[in-house]
Amino acid sequence: MRALIQRVRHASVTVDGEVTGSCGKGLLVLLGVGHEDDEALAEKLWNKILGLRIFEDEAGKTNLSLADVGGEALVVSQFTLYANCRRGRRPSFTDAAAPAQANAIYERFCELAEADLGTEHVGRGIFGSMMEVSLVNDGPFTIWLDTAEL
């Protein structure tokens, strides 16, 4: 699995003109699922994200985790994180999981987030939809995670 996480002041996702998910201070998680990914990797990735100390403490040092600051999360599926641009000019997405598999793992990832943060503190996109994502990046602070490297 791959995740691009951004520390945000707030973020939202809109589908067909309607906000379908949002979060306040916390993380925007753009989540991609590959062929070999499963629920165990979803749990491993979520636990890594939840525990990352990327929020500032009273001294201004990045010493606090999402859980420590009582933060929120917005999770948006994004198969394009598996783009392969090695050949030509048109990206290939064959490394991304099939939609049924990807959706099941995306849903599991969101359930894990909700279990730790509370349902009211986790927003979601709509899997497979054309989405508009808005955010105010806090920092900016952006991190790339790939379960193949964790």
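What comes next is a walk through the structure. Worth saying up front: this structure is predicted, and the values here are computed from it rather than measured. (Residues numbered from 1 in each chain as written. Predicted model: local features only at pLDDT ≥ 70, side-chain atom pairs only at ≥ 80, totals over all residues. Heavy atoms only, no water.)

Focus on helix α2 (residues 99-117)
Right, on to step 1. Look at α2: 26 Å from first C-alpha to last across 19 residues, which is about the 27 Å you get at 1.5 Å a residue.
Right, on to step 2. For α2, every residue scored as buried is listed here: Ala102, Ile105, Tyr106, Phe109, Cys110, Leu112, Ala113, Glu114 and Leu117.
Right, on to step 3. Residues of α2 that are buried make contact with β3 (26-32), α1 (39-51), β6 (72-77) and β7 (122-124).
Right, on to step 4. Count one or two residues on from α2 and you reach Gly118, which has phi positive near 100°. (Helix = DSSP H or I, 4+ residues; strand = E, 2+ residues; numbered from the N terminus. Expected span 1.5 Å × (residues − 1). Buried < 20%, exposed > 50% of the residue type's maximum accessible area, 1.4 Å probe, protein only. Contact = heavy atoms within 4.5 Å.)

A word on the packing of α1 against α2
When two helices pack together, their arrangement is given by the angle between the helix axes and the distance between those axes.
Right, on to step 1. At a minimum axis distance of 9 Å, the contact between α1 and α2 shows a crossing angle of 40°. The angle between α1 and α2 places the two elements in the oblique class. Seen from above, α1 lies across α2 with right-handed handedness. Contacts between α1 and α2 involve Glu39, Ala42, Glu43, Leu45, Trp46, Asn47, Ile49 and Leu50 from the former and Ile105, Arg108, Phe109, Leu112, Ala113, Asp116 and Leu117 from the latter.
Right, on to step 2. Counted by class, the contact of α1 with α2 contains 10 nonpolar, 1 polar and 4 charged residues. (Axes fitted to C-alpha atoms, helices over the stretch in contact; angles between N-to-C directions. Parallel < 35°, antiparallel > 145°, perpendicular 65-115°, else oblique. Left-handed = near helix turned anticlockwise from the far one by under 90°. Nonpolar A, V, L, I, M, F, W, Y, C, P; charged D, E, K, R; others polar.)

Here we look at the pattern of salt bridges
Opposite charge on two side chains permits them to pair, given that their charged atoms come into close proximity.
Right, on to step 1. Applying the stated criterion across every chain, the model contains 7 salt bridges.
Right, on to step 2. Across the pair Arg108 and Glu39 runs a salt bridge whose closest N-O atoms are separated by 3.9 Å. Here Arg108, found in helix α2, pairs with Glu39, found in helix α1; they are 69 residues apart in sequence, far enough to count as distant.
Right, on to step 3. Using a relative accessible area of 47% as the deciding quantity, one classes Glu39 as partly exposed.
Right, on to step 4. Linking Glu111 and Arg108 is a salt bridge whose minimum nitrogen-to-oxygen distance equals 3.6 Å. Of the two residues, Glu111 and Arg108 both sit in helix α2, 3 residues apart, roughly one turn of that helix. (Salt bridge = Lys/Arg side-chain N within 4 Å of Asp/Glu carboxyl O.)

Some thoughts on the environment of Leu28
Right, on to step 1. Within the secondary structure layout, Leu28 lies in strand β3.
Right, on to step 2. Residue classification places Leu28 among the buried positions, given a relative accessible area of 1%.
Right, on to step 3. Each C-alpha atom, one on Leu28 and one on Val75, is 6.1 Å from the other, the two residues being 47 residues apart in sequence.
Right, on to step 4. Each residue touching Leu28, except ones within four places of it in the same chain, is listed here: Leu4, Ile5, Gln6, Val8, Ala11, Leu74, Val76, Val133 and Leu135.

Examining the packing of aromatic side chains
Right, on to step 1. Applying the stated criterion to the full structure yields 3 aromatic pairs.
Right, on to step 2. With a centroid separation of 5.6 Å and an interplanar angle of 85°, the aromatic rings of Trp46 and Phe109 are classed as edge-to-face. Of this pair, Trp46 sits in helix α1 while Phe109 sits in helix α2, and the two are 63 residues apart along the sequence. Both residues of the pair, Trp46 and Phe109, belong to the buried class.
Right, on to step 3. Seen from their ring centres, Tyr106 and Phe127 are 6.1 Å apart, and the 40° between their planes marks the pair as tilted. Taken together, the residues Tyr106 in helix α2 and Phe127 in the loop between β7 and β8 (132-146) connect sequence positions 21 residues apart.
Right, on to step 4. Note on Tyr106: relative accessible area 1%, which makes it buried.
Right, on to step 5. Judged by relative accessible area, Phe127 falls into the partly exposed class, the value being 29%.
Right, on to step 6. The cationic tip of Arg2 hangs over the ring face of Tyr82; the distance from NZ or CZ to the ring centre is 4.1 Å. (Phe/Tyr/Trp six-rings, centres within 6.5 Å; stacked < 30°, edge-to-face > 60°. Lys NZ or Arg CZ within 6 Å of the ring centre and 35° of its normal.)

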